[in-house]
Amino acid sequence: MATISFARGAPSLDIVDVEGLRESARLAFDNDPAGTTAYGTSVGYVPLREWIAEQHGVAAEQVLVTNGSMQADAFLFELMVGAGDGVVVESPTYDRTLLNLRGRGADIHMFDLERDGIDVEQLAGALGQGFRPKLAHIIPNFQNPAGYTLSAAKRGRLLELATEHDFTIFEDDPYVSIRFEGEPLPTMLSQDDAGKVVYASSFSKTVCPGIRVGYLVGPQAVIKQIQTLATNTYISPNMVAQSIVNQFARSGRMDGAIETVKTALRARRDALVAALERELPEARFQAPQGGYFMWVELPEAVDVAELERAAAAREVIFVKGTDFLLEGGANTLRLAYSGVNPEQIDEGITRLAEAVRSLGVAA
Ligand SMILES: Cc1ncc(COP(=O)(O)O)c(C=O)c1O
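Note that the coordinates shown come from a computational prediction; the quantities given were computed from them, not determined experimentally.

(A) Molecular detail of the overall build of the protein chain. Looking only at helices and strands, the protein chain has 12 helices and 13 strands in total. In terms of overall dimensions, the protein chain has a C-alpha envelope of 60 × 55 × 35 Å along the principal axes. By the burial criterion, 55% of the 363 residues in the protein chain qualify as buried. Excluding contacts between residues fewer than 6 apart, the proportion of contacts in the protein chain whose partners are at least 24 apart in sequence is 74%.

(B) Inspection of the pairing of strand β10 (residues 293-297) at higher detail. Counting buried positions over the five residues of β10 gives four, a clear majority of the element. Both β10 and strand β13 (residues 332-336) contribute to a ladder of five bridges, which runs antiparallel. Bridge pairing in β13 links W295 to R334.

(C) View of the sheet that holds strand β5 (residues 117-118). One open sheet holds the eight strands; their spatial order is β2-β9-β8-β7-β6-β3-β4-β5, and the pairing between them is mixed. The open sheet terminates on both sides in strands that have one partner only, identified here as β2 (63-66) and β5. Together, β2, β8 (197-202) and β9 (214-217) form the strand contacts of helix α3 (residues 46-56), whose direction differs from that of β2 by roughly 125 degrees. Against the sheet, helix α8 (residues 220-234) contacts β2, β8 and β9, and its axis sits at roughly 25 degrees relative to β2.

(D) Quick look at the sheet that holds β13. The three strands lie next to each other as β10-β13-β12, forming an open sheet whose pairing is antiparallel. Edge positions in the sheet fall to β10 and β12 (319-320), since each has one partner strand and no second. Packing of helix α10 (residues 253-279) onto the sheet brings it into contact with β10 and β13, and relative to β10 it is tilted by some 15 degrees.

(E) Spatial organisation of helix α6 (residues 120-128). Among all positions in α6, only V120, L123, A124, A126 and L127 are buried. Down the axis, α6 shows its buried residues gathered within 160 degrees of arc, on one side only. Positive backbone phi, at 105 degrees, marks G130, one or two positions downstream of α6.

(F) The arrangement of the packing of helix α11 (residues 304-313) against helix α12 (residues 342-358) in detail. Here α11 crosses α12 at 125 degrees, and the two axes come no closer than 9 Å. When the axes of α11 and α12 are compared, the pair comes out oblique. Here the hand of the crossing between α11 and α12 comes out right-handed. Residues L307, A310 and A311 of α11 pack against L352, A355, V356 and S358 of α12. For the contact of α11 with α12, a count of residues per class yields six nonpolar, one polar and no charged.

(G) Layout of the side chain of T149. By secondary structure assignment, the location of T149 is in the loop between β6 (135-138) and α7 (152-165). There is a polar contact of 3.1 Å between the side chain of T149 and the backbone nitrogen of F142. The contacts of T149, once residues within four sequence positions are left out, are R115, D116, G117, P140, N141, F142, R155, R179 and L185.

(H) Region of interest: the site of the ligand. Neighbouring residues of the ligand: 13 residues in total, closest S69, Y175, S202, S204 and R212. Separating a nitrogen atom of the ligand from a side-chain N or O atom of D172 is a distance of 3.0 Å. S202 places a side-chain nitrogen or oxygen 2.6 Å from an oxygen atom of the ligand. Out of a free accessible area of 400 Å², the ligand has 94% covered by protein chains. Ranked by the residues each element gives to the shell around the ligand, the list is headed by helix α4 (residues 68-80), at three residues. Across the shell around the ligand, the residue classes break down as five nonpolar, five polar and three charged.

(I) Representation of the domain arrangement of the protein chain in the model. The assigned domain composition of the protein chain is domain 1 (4-15 + 255-358) and domain 2 (20-251). One C-alpha centre belongs to domain 1, the other to domain 2; they are set 26 Å apart. Of the residues lining the interface, 26 residues belong to domain 1; the matching set on domain 2 comes to 29 residues. In total, domain 1 and domain 2 occlude about 2,600 Å² of area from one another, counting both sides; carbon and sulfur atoms represent 60% of this. Per-residue buried area on domain 1 facing domain 2 is highest for Q289, F324 and L326; these three make up 24% of the total on that side. As a salt-bridge pair, R269 and E181 come within 2.7 Å of each other at their nearest N and O atoms. The tally of links from domain 1 across to domain 2 stands at 10 residue pairs in polar contact (both at pLDDT 80 or more). Looking at the side of domain 1 that touches domain 2, the elements that each hand over two or more residues are α10 and β10. Of all the elements, α10 adds the most residues to the side of domain 1 that touches domain 2, at seven residues.

Rules behind the numbers
Residues numbered from 1 in each chain as written. Predicted model: local features only at pLDDT ≥ 70, side-chain atom pairs only at ≥ 80, totals over all residues. Heavy atoms only, no water. Helix = DSSP H or I, 4+ residues; strand = E, 2+ residues; numbered from the N terminus. Buried < 20%, exposed > 50% of the residue type's maximum accessible area, 1.4 Å probe, protein only. Contact = heavy atoms within 4.5 Å. Pairing = 2+ DSSP bridges. Axes fitted to C-alpha atoms, helices over the stretch in contact; angles between N-to-C directions. Arc of directions from axis to C-beta. Parallel < 35°, antiparallel > 145°, perpendicular 65-115°, else oblique. Left-handed = near helix turned anticlockwise from the far one by under 90°. Nonpolar A, V, L, I, M, F, W, Y, C, P; charged D, E, K, R; others polar. Polar contact = N/O pair within 3.5 Å; in protein donor to acceptor, adjacent residues only side chain to side chain. Near = heavy atom within 4 Å. Areas by Shrake-Rupley, 256 points an atom, 1.4 Å probe, with all protein chains shown as cover. Domains from an automatic or database assignment. Buried area = accessible area lost by both parts, 1.4 Å probe. Salt bridge = Lys/Arg side-chain N within 4 Å of Asp/Glu carboxyl O.

Next up, the structure:
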């Protein structure tokens, strides 16, 4: 019995365009051997930086390409968040964001994540009472861990609040292109007239995570300061990887890769919904319109730490909801459906349901 993992937000190998990457690597070394093998500069591989700038309709000087968007997050936090600084995050939120912010000694304030995004009126209330954050970390599309998407109205309201109360919105958006249903919503970056948004995205979820290429887009002055941090940290990011992504994007492979991931993930989402409805009718969730994750709430009596042990004994793993929260959520979990095929999902949820039953708590 092989372990079935709903734990990691990564694509399975069968939906990675390995052949396209091999070809893009060949093109990178053939077409630009000097640029691909040099140190380059801290802003990243220049042709890729330009491609990203075009995609977002901004000047190249507003873009910095990094080793994964995790590095982009770390630079932004290093620049903007000191010990004791107020930071807004969604509740629940990405566990690594919480770890990084804790590591910087930030004063973390969590605001409820509703099915249409962060509770902006709860935030407005706190701001009205004198709360003065420096930064708000927001994952707008197919949020990690919940799979929810921030509505257009809430995007507008957050921009208003950021302008009025002078804080930066960190729009952390690695899942934006993995939408398999519904209409795409404009980024906050594209609606920002006041220089309040710094945006990050990544090729981890579309090309592959091992390539470690992500980026930041923001006001030129902020990018310039981060460029200094980047130079002092590593001289420059990985030029070989960025040159490969550049060829992958410019040869038209990117669109095909995104299509492959979207098609597979839609089928995986459907399989997950069907299996949960059949095996665990007491589970509560909202089927995501894209992305990699679904948040599941079990009856209050279920203790997810115990469930984790019972599930591991049946060789199925997931991440406890409590890892994404500062308090509460002992009956919640995150299921990543990106790395498992529909058959594995079916079997995995059957085992998870057995694990729930084994706890002997009432539904
Ligand atoms: C919200 C969010 N931000 C950042 C990252 C990190 O992505 P990268 O692989 O580009 O470092 C992830 C990865 O899971 C994520 O979910």
